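One-letter residues, chain by chain:
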Amino acid sequence: MRPEGLLGIHLNTQFAFPAQIPDTLSPEQRYAVETLALYTGDLGGSNHLQSTKPETVGFALADSPAGQAAWIYEKFQSKTDNHGLAEDALSADDMLDAISLYWFTNSAASSGRVYWENRSATPAGPRLTLPVAVTVFPKDIPRLPRSWIEDTYSNLIHYGEADKGGHFAALEQPEILVGEIRTGLRTLRS
């Protein structure tokens, strides 16, 4: 798959599971399957709700600033590289800025639409032939092994592993992410 006019992309969350999970798994592959189970299981309640009843949760979040704050804070708590508290990974100001952006723009419902629109998608994602640069953050889930990433992105031009960071890499580790994007896509500059 190569969208018209697109030279290449950088991904810090990859959708590169094989269509059929092998019977025998390496430790890295087993970890990927286990973190996918966590993402779709214990941590997947909000994804399930937004993919099945997006307007219900959207209206509820638009009606309560405390509810909106708790909803987003829980995502920071569960998906950042922290030591028990979201505040270990993000400053209170950064979290409040993000929460306020959703609240003041009344975008809780619209931001959840991606889950509804992709409710039938699989974690395999599309096979890409365009140049792809990838950065894997250690606390992002699910965390995929390099072998699956290479199988899905046949024109992998960069593979990087960050020392720290989770699902919200742009907010948690902006300097690392920017450096990785620059490094990863440098070969595409003309």
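Calculation criteria
- Residue positions are given per chain, counting from 1 as you read along its sequence in written order.
- Residue-level local features of this predicted model are given only where pLDDT is at least 70; pairs of side-chain atoms are given and counted only at 80 or more, and the full residue set underlies all totals for whole chains, interfaces and linings.
- To get the side-chain values, all heavy atoms of the structure are used, and hydrogens and water are removed first.
- Per the convention used, a helix needs a DSSP run of H or I reaching at least four residues, while a strand needs a run of E reaching at least two, with both numbered from the N terminus.
- Here, expected helix span is obtained from the residue count minus one, scaled by 1.5 Å.
- When checking whether two residues touch, look at their non-hydrogen atoms; a contact exists if any pair is within 4.5 Å.
- Any pair of nitrogen or oxygen atoms within 3.5 Å is treated as a polar contact; in protein, a donor-acceptor pairing is required on top of that, and neighbouring residues in sequence qualify only through side-chain atoms on both sides.
- When DSSP locates at least two bridges between a pair of strands, those strands are taken to pair.
- Here an axis means a line fitted to C-alpha atoms, over the contact stretch when the element is a helix, while the angle between two N-to-C directions is reported on a 0 to 180 degree scale.

Undergrad: Whenever I open this one, helix H1 (residues 27-40) confuses me. Can you help?
TA: In an α-helix there are 3.6 residues to a turn, and that puts residues three or four apart on one side. Between the first and last C-alpha of H1 there are 20 Å, a value that for 14 residues agrees with the 20 Å anticipated at 1.5 Å per step. Contacts made by the buried residues of H1 are with helix H2 (45-52), helix H4 (65-79) and helix H8 (146-152).

Undergrad: What is the right way to look at the side chain of threonine 80 in this model?
TA: Assignment of secondary structure puts threonine 80 in the loop between H4 and helix H5 (92-105). Of the polar contacts made by the side chain of threonine 80, one reaches the backbone oxygen of phenylalanine 76; its length is 2.6 Å. Once residues within four sequence positions are removed from consideration, threonine 80 is found in contact with Lys75, Ala86, Ala89, Leu90, Lys139, Gly166, Phe168 and Glu172.

Undergrad: Is there a simple way to explain the sheet that holds strand E2 (residues 132-136) in this structure?
TA: In sheet architecture, strand pairing relies on hydrogen bonds along the backbone and comes in two forms, parallel and antiparallel. If you walk across this open sheet you meet the 3 strands as E1-E2-E3, and the pairing is parallel. At either margin of the open sheet sits one strand with a lone partner, and together these are strand E1 (9-11) and strand E3 (156-161). Here the strands of the sheet are splayed against their neighbours by 15° on average, with no regard to which way each runs. Looking at chain direction, E1 and E2 are connected through 3 bridges and run parallel. Bridge assignment links histidine 10 to a residue of E2, and that residue is alanine 133. Where helix H10 (residues 174-185) meets the sheet, it contacts E1, E2 and E3, and its direction lies at approximately 155° from that of E3.

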